[in-house]
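Given next are the chains, with one letter for each unit.
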Amino acid sequence: MPNNQYPEFVPVEPNWNQNTVAVQAGRPARFAGAPMNTPVTLSSTYVHTTDLGYGRDGNQSWGALEEALGQLEGGIATTFSSGLAAATAIADLIVPGGTLLVPTGAYYGVKNIFERLEMHKRLNVRLIDLGNTDATIEALEGADAIWMESIANPTLVVADIPAIVNEAKKLNILTIVDSTFATPLRQRPLDFGADIVLQSVTKFLGGHSDLLLGAVICKSNAHAEFMVKHRHDFGAIPGGFDAFLALRGLRTLAVRLDRSETNALELAKRLKSHPKIKKVNYPALPGDSQHEKATKVLPNGCGGMLSFEIDTTPERTDQILESLKVITHATSLGGVESLIERRTRYEAEREAGVPMTLCRFSVGIENVEDLWSDLESAISMVLG
Ligand SMILES: *Cc1c(COP(=O)(O)O)cnc(C)c1O
């Protein structure tokens, strides 16, 4: 019995739909009196002698979440205290002095980790334009690893992961995908041949803005063992209760995502024809610059994130966001409640060239008409 698992899990049948896997995986095996949910384990130490000696070694609550995430992504999951802790562990896989390709438009938190590591001469960062498949493939020569983020935060750029991975494999380059925006229900990078997937479980997987947690899902045992050892040695462990809550959130991912996505597509269409909106980014929207790639890589939908530019000043944009009543003016994303923010409030996003009035909109599961009238009235109140 692996030491961090509740004696045994319900077997996941290979013919199950992903939506069923999200509901069933990581539950205790069914025997008379077995609980429906893996109990929360809140313990820093364990009675000798087992493999599970101390709280950094493992935990049943992480084990249940990891079983579910591994089944959903088609790999072996290791959870960490946050998405960035997970990204830090992945970065440590890169050979000392190695070259890492990073998209200019990657989430600025992960870019910051790589820049810090570069400052300490741990690795070299080379920026790439990941949305441009040909340019990305050309940039592969001489690299040791490539970091892909797709769908990208906050530009909603889509990467042709299968095409890029295919070329990277020929050159023995480690391929990593931050798949937070797409979730395993819309994109499974390991099926495209990628080595490693990052999920900020904080976002759609947890889904309720009540925890921070990250996961690394690996195809190979060697990489998965590295992750477990890294977590043990560096100590970025999730809390037992947070892992329980994340798995509880994951149970409803399929219905939450479906609703967010339906709302997002409808709002994207309406925003696109609004006279005060300059540009809408949503890959599922026909006519979007990413639409063609999205139909190939994300055939089942593009999730609940969109972004748009308002035809006004950054100050007025902030006034609009502050006037909203249903949608909350706040950072983060992926919860049942709608959140919005102007991303260039952060220096790193200004430096990355994000347009000054670009609003990143995490579309929740509220009634779509309430969301639309909230947006419409805030825009007309400020801009007339
Ligand atoms: C939020 C986010 C992260 C970082 O995850 P945390 O859980 O906040 O540490 C990484 N990548 C993307 C795309 C994100 O949105």
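Residues numbered from 1 in each chain as written. Predicted model: local features only at pLDDT ≥ 70, side-chain atom pairs only at ≥ 80, totals over all residues. Heavy atoms only, no water.

A short note on the domain arrangement of the protein chain
Then, in step 1: One can read the domain layout of the protein chain as domain 1 (18-250) and domain 2 (254-383).
Then, in step 2: The straight-line distance from the C-alpha centre of domain 1 to that of domain 2 is 26 Å.
Then, in step 3: Each partner contributes to the interface: domain 1 provides 36 residues, whereas domain 2 provides 34 residues.
Then, in step 4: Across the domain 1/domain 2 interface, buried area totals approximately 2900 Å², and carbon plus sulfur atoms make up 61% of it.
Then, in step 5: For the domain 1 face of the interface with domain 2, the top three residues by lost area are Tyr108, Arg186 and Phe204, together amounting to 28%.
Then, in step 6: For the pair domain 1 and domain 2, the number of links is 3 salt bridges.
Then, in step 7: We note a salt bridge from Arg186 to Glu261, for which the minimum N-O separation is 2.7 Å. (Domains from an automatic or database assignment. Contact = heavy atoms within 4.5 Å. Buried area = accessible area lost by both parts, 1.4 Å probe. Salt bridge = Lys/Arg side-chain N within 4 Å of Asp/Glu carboxyl O.)

Examining the packing of aromatic side chains
Then, in step 1: In this structure the tally under the stated criterion is 5 aromatic pairs.
Then, in step 2: On the numbers, 5.5 Å between centres and 40 degrees between planes, the contact of Tyr108 with Tyr346 is tilted. Placement of Tyr108 in helix H4 (residues 108-119) and of Tyr346 in the loop between strand S11 (339-342) and helix H12 (347-351) is noted, with a sequence separation of 238 residues between them.
Then, in step 3: With a relative accessible area of 22%, Tyr346 lands in the partly exposed category.
Then, in step 4: Plain terms: the ring middles of Phe114 and Trp147 are 5.0 Å apart, the flat faces sit at 65 degrees to each other, and that makes the pair edge-to-face. (Phe/Tyr/Trp six-rings, centres within 6.5 Å; stacked < 30°, edge-to-face > 60°. Helix = DSSP H or I, 4+ residues; strand = E, 2+ residues; numbered from the N terminus. Buried < 20%, exposed > 50% of the residue type's maximum accessible area, 1.4 Å probe, protein only.)

A closer look at helix H6 (residues 161-170)
Then, in step 1: Within H6 the residues assigned to the buried category are Ile161, Ile164, Val165 and Ala168. For H6, the arc enclosing every buried residue in end-on projection is 100 degrees, short of the 170-degree limit, so these residues lie on one face.
Then, in step 2: Contacts from the buried residues of H6 go to helix H5 (133-139), strand S4 (145-149), strand S5 (174-178) and helix H10 (291-297).
Then, in step 3: Count one or two residues on from H6 and you reach Asn172, which has phi positive near 60 degrees. (Arc of directions from axis to C-beta.)

Quick notes on the site of the ligand
Then, in step 1: Contacts to the ligand come from 14 residues, most closely from Gly83, Leu84, Asp178, Thr202 and Lys203.
Then, in step 2: In the environment of the ligand, an oxygen atom lies 2.8 Å from a nitrogen or oxygen atom belonging to the backbone of Gly83.
Then, in step 3: Between the ligand and Asp178, the relevant distance is 2.6 Å, taken from a nitrogen atom to a side-chain nitrogen or oxygen of the residue.
Then, in step 4: Burial of the ligand by the protein chains amounts to 94% of its free accessible area of 380 Å². (Near = heavy atom within 4 Å. Polar contact = N/O pair within 3.5 Å; in protein donor to acceptor, adjacent residues only side chain to side chain. Areas by Shrake-Rupley, 256 points an atom, 1.4 Å probe, with all protein chains shown as cover.)

A look at a negative patch on the surface
Then, in step 1: There is a patch of like negative charges on the surface, built from Glu115, Glu118, Glu347 and Glu351.
Then, in step 2: When residues of the negative patch are traced back to their parent elements, those giving at least two are H4 and H12.
Then, in step 3: Looking at where Glu351 falls in the secondary structure, it is placed in helix H12.
Then, in step 4: In this structure Glu351 comes out as exposed when scored by relative accessible area, which is 62%. (Patch = residues over 30% accessible without salt bridge, like charges linked within 9 Å, V, L, I, M, F, W, Y side chains within 5 Å. Lys, Arg positive; Asp, Glu negative; His and termini not counted. Charge placed at Lys NZ, Arg CZ, Asp CG, Glu CD.)

Brief notes about the pairing of S4
Then, in step 1: With 5 of 5 residues buried, S4 lies mostly within the body of the structure.
Then, in step 2: Of the two faces of S4, the one carrying Ala145, Trp147 and Glu149 and the one carrying Ile146 and Met148 are both buried.
Then, in step 3: Of the pairings in the sheet, the one linking strand S2 (residues 98-103) to S4 comprises 2 bridges and is parallel in character. In the sheet register, Leu100 faces S4, and the bridge partner there is Ala145.
Then, in step 4: Note: S4 against S5, 5 bridges, orientation parallel. Opposite Ala145, over in S5, you have Leu174 as the bridge partner. (Pairing = 2+ DSSP bridges.)

Looking at the nonpolar core
Then, in step 1: Leu306, Phe308, Ile340, Phe361 and Leu375 are the most contacted members of the largest nonpolar core, which has 67 residues in total.
Then, in step 2: Broken down by element, the residue count for this core peaks at 8 residues, all from helix H13 (residues 368-383).
Then, in step 3: Looking at this core, you find at least three residues from each of domain 1 (18-250) and domain 2 (254-383).
Then, in step 4: When sequence neighbours within four positions are dropped, the list of residues in contact with Ile340 reads Phe308, Leu321, Leu324, Ile327, Thr328, His329, Ala330, Cys359, Arg360, Phe361 and Leu375. (Core = buried A, V, L, I, M, F, W, Y, C linked by side-chain atoms within 4.5 Å.)

What to know about the environment of Ala348
Then, in step 1: Along the chain, the position of Ala348 falls in helix H12.
Then, in step 2: The spacing of Ala348 and Tyr107 is 241 residues in sequence and 9.6 Å in space, taken between C-alpha atoms.

Some thoughts on a nonpolar patch on the surface
Then, in step 1: Together, Val40, Leu42 and Phe241 make up a nonpolar patch on the protein surface, roughly 300 Å² of accessible area in all.
Then, in step 2: Considering the arrangement of structural elements, one finds Phe241 in helix H8 (residues 240-250).
Then, in step 3: On the accessibility criterion, Phe241 (44% relative accessible area) is partly exposed.

Comments concerning the side chain of Ser260
Then, in step 1: Looking at the element boundaries, Ser260 is found in helix H9 (residues 253-272).
Then, in step 2: Judged by relative accessible area, Ser260 falls into the buried class, the value being 3%.
Then, in step 3: Among all residues touching Ser260, those that are not within four sequence positions of it are Gly304, Val363, Gly364 and Ile365.

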